Structures are given as C-alpha cells and as structure tokens.
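Structural overview for review
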Amino acid sequence: MSGPFDLNRAWFPYEPSKPANLLSPIVLAYAGDAIYEVAVRQYLISLPNLRPNHLHRSATGLVSARAQSTILAFLEPVLTEEEKDVVRRGRNAKSGSIPKNADVLEYRHATAFECLVGYLYYTGQQVRIQELVHSSIEYMMHRPK
C-alpha cells in the first residue's frame, strides 16, 4: 500500500525528482542508508550508556554490511510482495564498488535492505519503516552471538 511522497510526513520538504518506483535502487539505498543510520543512533541514544566510543562500536554492529545482510534474512519472511520486489531490485543493482570490509553477497543484501528503507520512506510508509527497523534492532541486540 504505497502512496505518493507526502511533504507533510517527510522529515524535510524536498520532494524527490521522480516517484519512488522510478528512482534507481542505488538512489533509494543512498537515502535508506541515512534513514536507517538515524534510527540506529536514536535507538542507541535511548540506552543508558552514552560514551561516544561505545555508541560508535554499537552503531557499527548494527549498520555494517554484515549486520544489514543478517537483518534482511531475518525480515524476508514478513515482507510483502511489493517489498520483496524492491529488495530484489536493490540486491541486483550495480553500485560500482564494494567496501573492503564486506563480501559481495553481504554488500548486495545490505544494499537491498537500504533500498527497502529508502523506498518505504519515499512512499510515505513511516509506520512500516518503524515496524521493520524496530524488529531488526531488537533482533540484532538480542540474538545469540
């Protein structure tokens, strides 16, 4: 159930140049990466231990390509068909370079997760972003290591 970008529900009043379904998966991932990073930082700041080094280490454990790949595998059973299509587009997108600390498969899955978050943002599905991000963070924080 996606709709057009709604300036009244967006964080900032800058409408994308195209509808979300016409934006490149890499562009959606670019936005999704930032949105997910803010969510993780907000979560970490809600916890009692606010030492900067601890915040950084904890954030890295949630936003790395490996973590996002793990999150995507966790979320896949609860994704709608529309969301699965977005994930497929993100996973198959060619970004040009792979970071040195991630393998190709992890990086593609991380890009797919970020693409999904960006898509949900630009289709005005803030509640769904909150559901998925909340369950993702809870899973990563409490899963057996």
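Given the structure is predicted, the values throughout are model-derived calculations rather than measurements. (Residues numbered from 1 in each chain as written. Predicted model: local features only at pLDDT ≥ 70, side-chain atom pairs only at ≥ 80, totals over all residues. Heavy atoms only, no water.)

**With respect to helix 2 (residues 52-63)**
Quick note on the threshold: A run of H or I in DSSP becomes a helix once it reaches four residues, and a run of E becomes a strand once it reaches two; helices and strands are each numbered from the N terminus. Here, expected helix span is obtained from the residue count minus one, scaled by 1.5 Å. Partly exposed describes any residue whose relative accessible area lies between the buried limit of under 20% and the exposed limit of over 50%, with all areas from a 1.4 Å probe on protein chains only and scaled to the type maximum. Arc definition: directions from the helix axis to the C-beta atoms. Any pair of residues with heavy atoms lying within 4.5 Å of one another is described as a contacting pair.
Look at helix 2: 16 Å from first C-alpha to last across twelve residues, which is about the 16 Å you get at 1.5 Å a residue. For helix 2, the full list of buried residues reads S58, A59, L62 and V63. All buried residues of helix 2 lie within an arc of 120 degrees about the axis, which places them on one face of the element. Residues of helix 2 that are buried in the fold lie against helix 1 (25-45), helix 3 (65-75) and helix 6 (126-142).

**A short note on the packing of aromatic side chains**
Definition in use: Ring pairs shown here join Phe, Tyr and Trp side chains whose ring centres sit within 6.5 Å, with only the six-membered ring taken for Trp; geometry is labelled stacked below 30 degrees between planes, edge-to-face above 60, and tilted in between.
Per the counting criterion, the structure on display carries three aromatic pairs. Ring geometry for Y36 versus F113: centroids 5.0 Å apart, planes at 90 degrees, classification edge-to-face. Of the two residues, Y36 is situated in helix 1 and F113 in helix 5 (residues 104-122); the sequence distance between them amounts to 77 residues. For the pair Y36 and F113, a shared accessibility class is recorded, and that class is buried. Their ring planes at 5 degrees and their centres at 4.1 Å tell us that F74 and Y139 sit as a pair that is stacked. Note that F74 is positioned in helix 3 and Y139 in helix 6, a separation of 65 residues in sequence. Judged by its relative accessible area of 32%, F74 is partly exposed. On the basis of relative accessible area, Y139 is assigned to the partly exposed category, the value being 29%.

**Structural notes on the packing of helix 5 against helix 6**
Defined as follows: Every angle, taken between N-to-C directions, lies between 0 and 180 degrees, and every axis is a line fitted to C-alpha atoms, over only the stretch in contact when it is a helix. Oblique is the label for any angle not under 35 degrees, not over 145, and not in the 65 to 115 range, which are roughly parallel, roughly antiparallel and roughly perpendicular in turn. Helix crossings are classified by the rotation of the near helix relative to the far one: an anticlockwise turn of less than a right angle makes the crossing left-handed, while a clockwise turn makes it right-handed. In this count, Pro and Cys sit with the nonpolar residues alongside Ala, Val, Leu, Ile, Met, Phe, Trp and Tyr, while Asp, Glu, Lys and Arg are called charged and the others, Gly among them, polar.
At their nearest, the axes of helix 5 and helix 6 sit 8 Å apart, and the two run at 150 degrees to each other. Our classification of the angle between helix 5 and helix 6 gives roughly antiparallel. Note that helix 5 runs across helix 6; the crossing there is left-handed. Note on element contacts: helix 6 touches helix 5 through Q126, R128, I129, L132 and S136, opposite F113, L116, V117, L120 and Y121. Tallied by class, the residues present in the contact of helix 5 with helix 6 amount to seven nonpolar, two polar and one charged.

**Focus on the packing of helix 1 against helix 6**
Two elements in contact, helix 1 and helix 6, have axes whose closest approach is 11 Å; the angle formed by their N-to-C orientations is 55 degrees. The pairing of helix 1 with helix 6 is recorded here as oblique in orientation. Helix 1 and helix 6 meet at a crossing whose hand is right-handed. Of helix 6, the residues touching helix 1 (which contributes Y36, A39, V40 and Y43) are V133, I137, E138 and M141. Taken together, the residues of the contact of helix 1 with helix 6 break down into seven nonpolar, no polar and one charged.

**Some thoughts on the nonpolar core**
Selection criterion: What is meant by a nonpolar core is a set of buried Ala, Val, Leu, Ile, Met, Phe, Trp, Tyr and Cys residues, joined one to another through side-chain atoms within 4.5 Å.
Counting 34 residues, the largest nonpolar core has Y36, V40, L79, F113, L116 and Y122 as its most contacted members. When contributions to this core are tallied by element, the ones reaching two or more residues are helix 1, helix 2, helix 3, helix 4 (81-92), helix 5 and helix 6. For this core, the leading source of residues is helix 5, giving nine residues. When near neighbours in sequence (up to four residues on either side) are disregarded, L79 contacts L72, K84, V87, L116, R128 and L132.

**Comments concerning the environment of R128**
The condition that has to hold: Polar contact is the term for a pair of N or O atoms within 3.5 Å; when the atoms are in protein, one must be able to donate a hydrogen and the other to accept it, and sequence-neighboring residues count only if both atoms are side-chain atoms.
Tracing the backbone through its elements, the reader meets R128 in helix 6. Classification of R128 by relative accessible area gives buried; the value is 18%. Each C-alpha atom, one on R128 and one on V63, is 19 Å from the other, the two residues being 65 residues apart in sequence. Apart from residues no more than four positions distant in its own chain, R128 is found in contact with V78, L79, T80, E83 and L120. Only 2.9 Å separates the side chain of R128 from the backbone oxygen of V78, close enough to count as a polar contact.

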